[in-house]
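This is what each chain is made of:
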Amino acid sequence: MNIHEKYIKRCIELAKNGLGTTYPNPLVGSVIVHKNKIIGEGWHQKAGEAHAEVNAVNSVKDTSLLKHATIYVSLEPCSHYGKTPPCSDLIIAKGIKKVVIGTIDPFAKVAGRGIKKLMEAGCDVQIGVLEKECRDLNKRFFSFHKKKRPYIVLKWAQTADGFIAPKIQETREPVWITNQYSKQLVHKWRSEEQAILVGTNTAIADNPKLNTRLWKGENPVRVVIDRELKIPENSALFDSSIKTIVFTKKTETSTPNLVFETLNFKEQLPAQICEVLHRHNLQSLIIEGGAKTLQEFINFNLWDEARVFSGISEFHEGVKAPGFSGKTILKTNLERDTLKIYKND
């Protein structure tokens, strides 16, 4: 790892602190280096607040060093006025002449303009350091702007013999396959994504809240497929505590926290869902079931990650886990549960 990669790696580490709080903005980290010593660093902490470069500059105690320093940033500095002024203007104003950038911003209002502005001001700009890692950091942001859909994470828990639900469910409560540690991790994941989706059968059988009650963080927007509007009105999903989007074939009047979206259920449903969620400015979606819903997104190849827990219990019969193929990128244990994370190749 060369010196530039070392500092961009630190930018990525810093940027990850903002996961779940910066939407709709990307995750960005920045460090400022003088004579191989970090003199300032920062990350974008929340949408509407200072960007990473601003926080890094503001953390420098001796600002006279800035004219002789190099600023590293994981994503191209912005060049437009949004809720905050352009970061490229700040870099120029502070006299920082060396700029090292992880990757170009795909957002139309930036997309190379920040780099162009820096170069025209006489800055020495290097682009593409740890580019793959920097793009992966903002996989949600890139998917939203490049593919025009949310980044999609599939999640389920299955028994040791490959079932995700028993044949008969006697109560309207979830049947837990995994332990408390796996359950808490799922709530952490929910706080990191913008939306969470379940199908009709899961909503009726489990009456899920789909919130982050076991983790401190933002609740995702709840999304449910309910073609015939069969889910009981007293379900937790309809308690108005969290914005909820219902996909149905019927026409229904929306309220501020309960939005009905009419879809054509004879067409490709996952693609329609992605299109509507993109219109709602949702950059990421975690799909928690059930088997039919998960399989449909798999069949249309509309998924990016699959996070699969395996418990030690066996059902012997019931609802089979979805079938799919992907590249294993992580395998770990949480007590006696096994977690595997796959990427869609």
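All figures in this text were calculated on a predicted structure; none of them were measured in a lab.

Parameters and conventions
Residues numbered from 1 in each chain as written. Predicted model: local features only at pLDDT ≥ 70, side-chain atom pairs only at ≥ 80, totals over all residues. Heavy atoms only, no water. 1 Å grid on protein atoms, 1.4 Å probe; cavity = no way out; pocket = protein on both sides within 12 Å on 5 of 7 lines; lining within 4 Å. Points joined across faces, edges and corners; volume = space filled by probe spheres on them. Nonpolar A, V, L, I, M, F, W, Y, C, P; charged D, E, K, R; others polar. Core = buried A, V, L, I, M, F, W, Y, C linked by side-chain atoms within 4.5 Å. Buried < 20%, exposed > 50% of the residue type's maximum accessible area, 1.4 Å probe, protein only. Helix = DSSP H or I, 4+ residues; strand = E, 2+ residues; numbered from the N terminus. Contact = heavy atoms within 4.5 Å. Pairing = 2+ DSSP bridges. Axes fitted to C-alpha atoms, helices over the stretch in contact; angles between N-to-C directions. Expected span 1.5 Å × (residues − 1). Arc of directions from axis to C-beta. Salt bridge = Lys/Arg side-chain N within 4 Å of Asp/Glu carboxyl O.

Quick look at empty space enclosed by the protein now. A full pass over the atoms with the stated rule returns one cavity of 30 Å³ or more. Of the voids in this model, the largest cavity is the one considered here, and its volume is about 80 Å³. Leu19, Gly20, Thr22, Tyr23, Asn25, Pro26, Leu27, Leu137, Asn138, Arg140, Phe141 and Gln283 together form the lining of the largest cavity. Per-class residue counts for the lining of the largest cavity are six nonpolar, five polar and one charged.

Another point: the nonpolar core. By size, the foremost hydrophobic cluster in this structure holds 32 residues, and its most contacted members are Leu154 and Ile273. When residues in this core are grouped by element, the largest group, five residues, is from helix α9 (residues 269-279). Apart from the residues within four sequence positions on either side, Leu154 is in contact with Ile287, Leu294, Phe297, Ile298, Trp303, Glu305, Ala306 and Arg307. Within the second largest apolar cluster, 24 residues are counted, among which are Val153, Leu210, Leu237 and Phe260.

For the rest of this paragraph, the subject is the sheet that holds strand β5 (residues 124-127). Reading across from one edge, β2-β1-β3-β4-β5 is the order of the five strands in this open sheet, with mixed pairing throughout. If you trace the sheet from one side to the other, it starts and ends with β2 (37-43) and β5, each paired once. Ignoring which end each strand starts from, the neighbouring axes of this sheet average 15 degrees apart. In this structure, strand β3 (residues 70-75) lies alongside strand β4 (residues 98-103), joined through five bridges in parallel fashion. What sits directly across from Ile71, in β4, is Val99. Against the sheet, helix α4 (residues 113-120) touches β4 and β5, its axis set at about 150 degrees to β5.

End to end, helix α1 (residues 3-15) covers 19 Å across 13 residues, agreeing with the expected 18 Å (1.5 Å per residue, within 8%). Among the residues making up α1, those that are buried are Tyr7, Ile8, Cys11, Ile12, Leu14 and Ala15. Along the long axis of α1, the arc covered by the buried residues comes to 160 degrees, so they all point the same way. Of the surrounding elements, those touching the buried residues of α1 are β1 (29-34), β2, β3, β4 and α5 (131-137).

Considering all chains together, one arrives at 19 salt bridges under this definition. With its nearest N and O atoms 3.9 Å apart, the salt bridge here joins Lys343 to Asp136. With Lys343 in strand β16 (residues 337-343) and Asp136 in helix α5, the pair connects residues that are 207 residues apart, well separated along the chain. Judged by its relative accessible area of 27%, Lys343 is partly exposed. Judged by its relative accessible area of 37%, Asp136 is partly exposed. For Arg307, the salt bridge identified is with Glu305, shortest N-O distance 3.0 Å. Neither Arg307 nor Glu305 differs from the other in exposure class; each is buried.

Any functional reading would require information beyond the geometric quantities listed.
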